[in-house]
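# Close look at the chain arrangement
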Amino acid sequence: MPENTDDILTLLPSRLKEARRAKGLSLEAVANLSGVSRSMVSQIERGESSPTIATLWNLTRALQVDFAGLLDAADKADRIEVLRDGDVPTIDNMGQGCRIRILSPPEDAGGHEVYDILFETGGALDSQPHGRGTAEHLTVLEGDIAVTSGSAHMRLHTGDTARYAADIPHNITAPDNAARVFLIVKNG
C-alpha cells in the first residue's frame, strides 16, 4: 500500500481506469453500477477530482475490486498465480468414463470456461443445451474424439480443433481409445 497521500492520489486514477477496462466496462456502465455520475467517474480517472470515501467505496464495489489491492504498489504483472496439478478442481460425476479438470478461475464461470478432459476408451460427455449463443472450442490433445452438435457429427484426431454450437444438445465421445481434450466454453 502507498506510504503517503500523494502516492494514493497518483495511483488511484490509473488503477480505477485499469480495473474498469479489465472488466470490459464503459464509463456509463460503471456509473450505472455504482450510482456515481459518468462525468465524476471520468474526472476521477483523469485525476481531475478526488473521490470521497463513499464514492470510492461505491466504485470499488461496482468494479468488484478490493480497495487495498487497488492501491497496492506492486505491479500485478509481476506475479504468477499457480495452482499445482493436485489442486486443480475436478468433476468426476459428469458424463461416463471421463474426468473434467477445471482450469479457469471460479470468477470466470458463466463467461469463458476452460477445461482439460480425460476420456477412458468409450468415455462420453453428453451435454444439454447451454445458454443461447454459447459455443464450444475443442482441441484434441491425445487420441481420437467424436463430436456431435445437434445433427452435425465430426471425427477429430490429435491436433484437430472444432468449434460448434453448444446451445443445442451436444456430446463428445472417445469411441476407440483413451483421449484428452482442451475445451473452452464461450457463453453467449
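This section reports on the structure supplied with the text. (Residues numbered from 1 in each chain as written. Predicted model: local features only at pLDDT ≥ 70, side-chain atom pairs only at ≥ 80, totals over all residues. Heavy atoms only, no water.)

## Focus: the overall build of the chain
Of regular secondary structure, the chain possesses five helices and nine strands. Seen in sequence order, the chain has helices and strands lined up from the N terminus as α-α-α-α-α-β-β-β-β-β-β-β-β-β. Here the chain holds 188 residues, and the buried ones make up 35% of them. Taking contacts inside the chain between residues at least 6 apart in sequence as the whole, the part at least 24 apart equals 61%. Carbon and sulfur atoms make up 51% of the accessible area of the chain, which totals about 11,300 Å². (Helix = DSSP H or I, 4+ residues; strand = E, 2+ residues; numbered from the N terminus. Buried < 20%, exposed > 50% of the residue type's maximum accessible area, 1.4 Å probe, protein only. Contact = heavy atoms within 4.5 Å. Areas by Shrake-Rupley, 256 points an atom, 1.4 Å probe, with all protein chains shown as cover.)

## A few points about the pairing of strand E3 (residues 112-127)
By the bridge criterion, six bridges tie strand E2 (residues 96-102) to E3 in an arrangement that is antiparallel. The residue bridging Gln 96 from the neighbouring strand is Ala 124, located in E3. As judged from the eight bridges shared by E3 and strand E9 (residues 179-186), these two strands associate in the antiparallel manner. Residue pairing across strands places Phe 119 opposite Ala 179, the latter belonging to E9. The pairing of E3 with strand E8 (residues 170-173) spans four bridges and is antiparallel. (Pairing = 2+ DSSP bridges.)

## Focus: the nonpolar core
Membership of the largest hydrophobic core comes to 19 residues, with the highest contact counts inside it found for Ile 117, Phe 119, Leu 138, Ile 145 and Leu 183. Mapped by element, the contributors of at least two residues to this core are E2, E3, strand E4 (135-142), strand E5 (144-149), strand E7 (161-165) and E9. Counting 12 residues, the second-largest nonpolar core is a separate cluster that includes Leu 16, Leu 27, Val 41 and Leu 56. (Core = buried A, V, L, I, M, F, W, Y, C linked by side-chain atoms within 4.5 Å.)

## Description of the pattern of salt bridges
Evaluation of the coordinates by the stated rule reveals eight salt bridges. Among the salt bridges present, the one from Glu 48 reaches Arg 46, with a minimum N-O distance of 2.6 Å. Here Arg 46 falls in the partly exposed class, since its relative accessible area comes to 47%. With a closest N to O distance of 3.2 Å, Arg 99 and Asp 92 form a salt bridge. Using a relative accessible area of 39% as the deciding quantity, one classes Arg 99 as partly exposed. (Salt bridge = Lys/Arg side-chain N within 4 Å of Asp/Glu carboxyl O.)

## Side note on a nonpolar patch on the surface
Side chains of Leu 103, Leu 141 and Phe 182 sit close together on the surface and give an oily, nonpolar patch of about 220 Å² of accessible area. Looking at the secondary structure, you find Leu 103 in the loop between E2 and E3. (Patch = residues over 30% accessible without salt bridge, like charges linked within 9 Å, V, L, I, M, F, W, Y side chains within 5 Å.)

## Some remarks on helix H3 (residues 38-45)
Within H3, the full set of buried residues consists of Val 41, Ser 42, Ile 44 and Glu 45. The buried residues of H3 occupy an angular sector of 160 degrees when projected down its axis, which confines them to one face. Just beyond H3, the residue with positive phi is Gly 47, at close to 75 degrees. (Arc of directions from axis to C-beta.)

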